[in-house]
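# Observations on chain architecture
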Amino acid sequence: MKTTFLFFIALNSLISTNLLAQNGEELYKANCIWCHSIGKGILVGPDLENVHNKYPEEKLIKWIRSSQSVIASGDTSAVALFLKFNKVIMPDQKLTDEEIISIIAYIKSNSASDVAASKIPEKNTSFTTKTVLPTFESGGSDTNKSQTVLNYLFAGLALLFLIIILVLAGTINTLSNKIGEGLKK
Ligand code: HEC
């Protein structure tokens with residue numbers, strides 16, 4: 001049964017990475033949309049369009065998790081932003097690094113320059129990488145379908161593997177029982 005256990009661990013990590021980008025959209029809509037737009041102007045907080053180009057990822061993660069601790073650390077641009085927004089406090093977010101990264105991926109895929117870049121076809125082979133990659137990191141409506149199909153495919157494959165493993169385990173059990181009986185005789 002050890003194999004089955006290992007298999008489940010592998011399966012789990014496979015599915016969770018696959019769902020990461022989709023989660024970004026959901027997490028954004030659940031936690032950020034009240035105060036931020038992407039490309040539609042200032043709401044309570046600043047427009048987040050292209051904010052991934054404004055800061056290194058590490059700083060962005062820190063900020064999103066706890067803007068107040070970045071401000072408290074004396075970071076000048078953070079303090080300036082806080083003052084500019086009349087000291088409205090962005091609440092701390094109870095999110096893991098991975099969840100924040102998936103939100104950033106969602107912001108990225110909905111920022112104008114990146115959306116444009118992924119839609120301009122190029123003649124060389126980078127065309128395929130540019131058009132295929134966003135399907136893994138965006139929650140855009142036309143990419144959602146292929147993502148869903150992929151999810152079903154993964155789930156189907158996983159089920160198939162599970163059945164094969166169970167059948168094999170059963171066969172091994174029967175065989176070792178038979179061998180045991182044979183040895184007793
Ligand atoms: C209650 C409103 C509110 C919510 C909810 C909120 N923010 Fe903010 N956010 C702000 C305000 C206000 C600022 C401006 C800085 C300040 O006042 O602290 C800001 C600033 C930011 C900045 C810096 C922008 C820049 O141009 O430098 C980022 C990035 C950011 N928020 C991301 C997020 C993300 C991602 C979420 C969801 C997980 C989120 N925020 C949820 C209010 C909010």
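Residues numbered from 1 in each chain as written. Predicted model: local features only at pLDDT ≥ 70, side-chain atom pairs only at ≥ 80, totals over all residues.

### Quick word on the overall build of the protein chain
The number of helices and strands found in the protein chain is 10 helices and zero strands. When the helices and strands of the protein chain are placed in sequence order, the string is α-α-α-α-α-α-α-α-α-α. A total of 185 residues make up the protein chain; the buried ones form 19% of that total. Excluding contacts between residues fewer than 6 apart, the proportion of contacts in the protein chain whose partners are at least 24 apart in sequence is 69%. (Helix = DSSP H or I, 4+ residues; strand = E, 2+ residues; numbered from the N terminus. Buried ≥ 20, exposed ≤ 12 C-beta atoms within 10 Å, placed from the backbone. Contact = placed C-beta atoms within 7 Å.)

### Section: the site of the ligand
In the neighbourhood of the ligand, 24 residues make up the surrounding shell, with C32, C35, G45, F85 and M90 lying closest. At the level of elements, helix 2 (51-54), helix 3 (57-65) and helix 5 (76-84) are the ones that each hand at least two residues to the shell around the ligand. Ranked by residue count, the leading element in the shell around the ligand is helix 3, at three residues. Looking at side-chain class alone, the shell around the ligand contains 18 nonpolar, five polar and one charged residues. (Near = placed C-beta within 6 Å. Nonpolar A, V, L, I, M, F, W, Y, C, P; charged D, E, K, R; others polar.)

### Some details on the confidence of the model for the protein chain
Regions with low pLDDT carry predicted coordinates that are not meant to be interpreted in detail. Mean pLDDT for the protein chain: 80, with 71% of residues reaching 70 or above. Counted against residues more than four places away or in other chains, residues 122-140, with its pLDDT under 50, gives 26 contacts. (pLDDT = per-residue confidence, 0-100.)

### Describing the nonpolar core
Ranked by internal contacts, the top residues of the largest apolar core, which has 15 residues, are I100, I103, I104, Y106 and I107. Contributions of two or more residues to this core are made by helix 3 and helix 6 (97-109). For I104, the residues in contact, after removing those within four places along its chain, are H52, E57 and L60. (Core = buried A, V, L, I, M, F, W, Y, C linked by C-beta atoms within 7 Å.)

### Looking at helix 6
With 13 residues, helix 6 extends 18 Å between its outermost C-alpha atoms, agreeing within 8% with the 18 Å of an ideal straight helix rising 1.5 Å per residue. The buried count for helix 6 comes to 11 of 13 residues, which makes it a mostly enclosed element. Every buried residue of helix 6 is accounted for by E99, I100, I101, S102, I103, I104, A105, Y106, I107, K108 and S109. (Expected span 1.5 Å × (residues − 1).)

### Points about the packing of helix 3 against helix 6
Look at helix 3 against helix 6: their axes get within 10 Å of each other, and the N-to-C directions meet at 110 degrees. Accordingly, the angle class assigned to the pair helix 3 and helix 6 is roughly perpendicular. Where helix 3 approaches helix 6, its residues E57, L60, I61, I64 and R65 are matched on the opposing element by D97, I100 and I104. A per-class count over the contact of helix 3 with helix 6 returns five nonpolar, no polar and three charged. (Axes fitted to C-alpha atoms, helices over the stretch in contact; angles between N-to-C directions. Parallel < 35°, antiparallel > 145°, perpendicular 65-115°, else oblique.)

### A few points about unusual backbone geometry
Unusually for a residue other than glycine, N86 sits at a positive phi of about 50 degrees. Looking at where N86 falls in the secondary structure, it is placed in the loop between helix 5 and helix 6. For K87, which is not glycine, the phi torsion reads 60 degrees and is therefore positive. Its location among the elements puts K87 in the loop between helix 5 and helix 6.

### Examining the environment of P91
Mapped onto the fold, P91 is located in the loop between helix 5 and helix 6. With 24 residues separating them in the primary sequence, P91 and S67 have C-alpha atoms 7.5 Å apart.

### Some remarks on the environment of S37
Of note, S37 is situated in the loop between helix 1 (2-31) and helix 2. Considered as a pair, S37 and L48 are 11 residues apart in the sequence and their alpha carbons are 6.2 Å apart. When neighbours within four sequence positions are excluded, S37 is seen to be in contact with L43 and D47.

### Things to note about the environment of K29
Assignment of secondary structure puts K29 in helix 1. Given 13 C-beta atoms within a 10 Å radius, K29 is considered partly exposed. Separated by 74 residues in sequence, K29 and I103 place their C-alpha atoms 9.5 Å apart.

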